[in-house]
Amino acid sequence: MLSDPKHYSYSALPDRQPLKMPGDARIAVFIVPNVEYLEFLPPGNPFRNPYGRPAPDIQAYQARDYGNRVALWRLFEMFDDLGIRATASMNAAVFEHFPDIAEAMTKRDWDYQSHGLYNTRFSFGMDEAMEREQIATVIELVKKHTGKMISGWLGPALTTTPNTPHLLAEAGVKYWADMFHDDEPTDIAVRAGRLISLPYSFEINSGVALGGQAQTGEAFGRMISDQFDMLYEEGKVAPKVMAICLHPFAVTAPSRAKYLRRALEHILGHSHVWQATAGEIADWYYANYHGKRVPAPALDREQAA
């Protein structure tokens, strides 16, 4: 495997043909609650890297536990009121531990983006067989509890391997969210099948803004609105895709929920906004642009190995 994987072609933004979205939308917005499960004592495994913090990690564990017990249910209520269909970024084990959450998401016809099995089981260090098994297990669990195939993949705790895109395409997953490299979908080169990168965000992401950056809830709400405003303006000429990446334990804590709601109301108050699921955006891109606009480079034998 080369050090530079060449999974996608370089494309300067001014040189691209503008996308044309359904209803002449300027922007497609998908909203991604990260619904996570951290094991209290993650098991060791010689074939993958261990969880990167001392265990039990009480601080991280209790935050996700609060999210699943309390904050996620506030988010359901908010989204119901605003008419939002979300794309859940799931640790699939949540469904096994909390079937009430699966039932609530299924009732609302949510879309599902895998976030691995547990956020304490990293993909780093996995060989191809183990990673293939991880992907298959996640797909099986989500289908068992919701009846749906996952539309995309975000690595558990943002971990990946050189085999990840190839195995996702092999399993029939539509998109890969780990690249963080564009405001438009991108064709990804794989050994067989097809795959795209769908814009995800390390900027409009409550895990980063409210966690590592220690922004206030009000500041994060303003960041969401400000990013939308710029992409919406650019969308007059060249439509964009915007992900709003949320962690319920953070954004719908009692001190912060109103700021998220204000930002979402701001976005939904504009015309020419396509509020869609990630799977719907991927389907639209495949139907209209995959392999036609900025095709992925062909993999040579060394890259495909």
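One can find the structure itself at the top, above this paragraph.
Residues numbered from 1 in each chain as written. Predicted model: local features only at pLDDT ≥ 70, side-chain atom pairs only at ≥ 80, totals over all residues. Heavy atoms only, no water.

A few words now on the pattern of salt bridges. What the rule picks out here adds up to 20 salt bridges. Taking the shortest distance from any N to any O, the salt bridge between aspartate 182 and arginine 16 comes out at 2.8 Å. Of this pair, aspartate 182 sits in the loop between strand 5 (175–176) and strand 6 (186–188) while arginine 16 is found in the segment before strand 1 (27–35), placing the two residues 166 residues apart along the sequence. We classify arginine 16 as buried; its relative accessible area is 16%. Here glutamate 280 ties to arginine 85 by a salt bridge, and the two come within 2.9 Å at their closest N and O atoms. Taken together, the positions of glutamate 280 in helix 10 (residues 278–288) and arginine 85 in the loop between helix 1 (58–82) and strand 2 (87–90) put the pair 195 residues apart, joining distant regions of the chain. Residue class for glutamate 280 comes out partly exposed when judged on its relative accessible area of 30%. Assessed through its relative accessible area of 29%, arginine 85 is described here as partly exposed. (Salt bridge = Lys/Arg side-chain N within 4 Å of Asp/Glu carboxyl O. Helix = DSSP H or I, 4+ residues; strand = E, 2+ residues; numbered from the N terminus. Buried < 20%, exposed > 50% of the residue type's maximum accessible area, 1.4 Å probe, protein only.)

Taken together, the side chains of Phe40, Leu41 and Ile58 define a hydrophobic patch exposed on the protein surface, amounting to about 300 Å² of accessible area. Mapping phenylalanine 40 onto the fold places it in the loop between strand 1 and helix 1. (Patch = residues over 30% accessible without salt bridge, like charges linked within 9 Å, V, L, I, M, F, W, Y side chains within 5 Å. Areas by Shrake-Rupley, 256 points an atom, 1.4 Å probe, with all protein chains shown as cover.)

The next thing to look at is the packing of aromatic side chains. Inspection of the entire model under this criterion finds 15 aromatic pairs. When the ring of tryptophan 73 is compared with that of phenylalanine 76, the centres are 5.1 Å apart and the planes differ by 65°; the resulting orientation is edge-to-face. Taken together, the positions of tryptophan 73 and phenylalanine 76, both in helix 1 and 3 residues apart, correspond to about one turn of that helix. Residue tryptophan 73 is classed as partly exposed on the basis of its relative accessible area, which comes to 33%. What makes phenylalanine 76 buried here is its relative accessible area of 1%. When the ring of tyrosine 285 is compared with that of tyrosine 289, the centres are 5.9 Å apart and the planes differ by 35°; the resulting orientation is tilted. In this structure an aromatic cluster arises from ring pairing among Trp73, Phe76, Phe79 and Trp110. Directly above the aromatic system of phenylalanine 76 lies the positively charged group of arginine 108, at a separation of 4.6 Å from the ring centroid. (Phe/Tyr/Trp six-rings, centres within 6.5 Å; stacked < 30°, edge-to-face > 60°. Lys NZ or Arg CZ within 6 Å of the ring centre and 35° of its normal.)

The next point concerns the pairing of strand 2. Neither face of strand 2 is exposed, since Thr87 and Ser89 on one face and Ala88 and Met90 on the opposite face are all buried. Handedness of the crossover is the feature at issue here: the chain leaves strand 1, passes through helix 1, returns alongside strand 2, and the resulting connection is right-handed. (Right-handed = clockwise from strand over helix to strand, strands pointing away.)

For the rest of this paragraph, the subject is helix 1. In this model helix 1 runs 34 Å from its N-terminal to its C-terminal C-alpha over 25 residues, within 8% of the 36 Å that 1.5 Å per residue would give. For helix 1, the principal kink sits at asparagine 68 and spans about 50°. Where helix 1 is concerned, the buried positions are Ala60, Ala63, Arg64, Gly67, Asn68, Ala71, Leu72, Leu75, Phe76, Met78, Phe79 and Leu82. Glycine 83 sits one or two residues past helix 1 and shows a positive phi near 75°. (Expected span 1.5 Å × (residues − 1). Bend = angle between axes of the 7 residues up to and from the residue.)

Here the focus is the nonpolar core. Among the nonpolar cores identified, the biggest contains 61 residues, and Phe79, Met105 and Ile244 are the most heavily contacted of them. Once residues within four sequence positions are removed from consideration, isoleucine 244 is found in contact with Val29, Phe30, Ile31, Val32, Ile204, Ile224, Leu264 and Ile267. Grouped together as the second largest cluster of nonpolar side chains are 24 residues, Met21, Ala28, Trp284 and Tyr289 included. (Core = buried A, V, L, I, M, F, W, Y, C linked by side-chain atoms within 4.5 Å. Contact = heavy atoms within 4.5 Å.)

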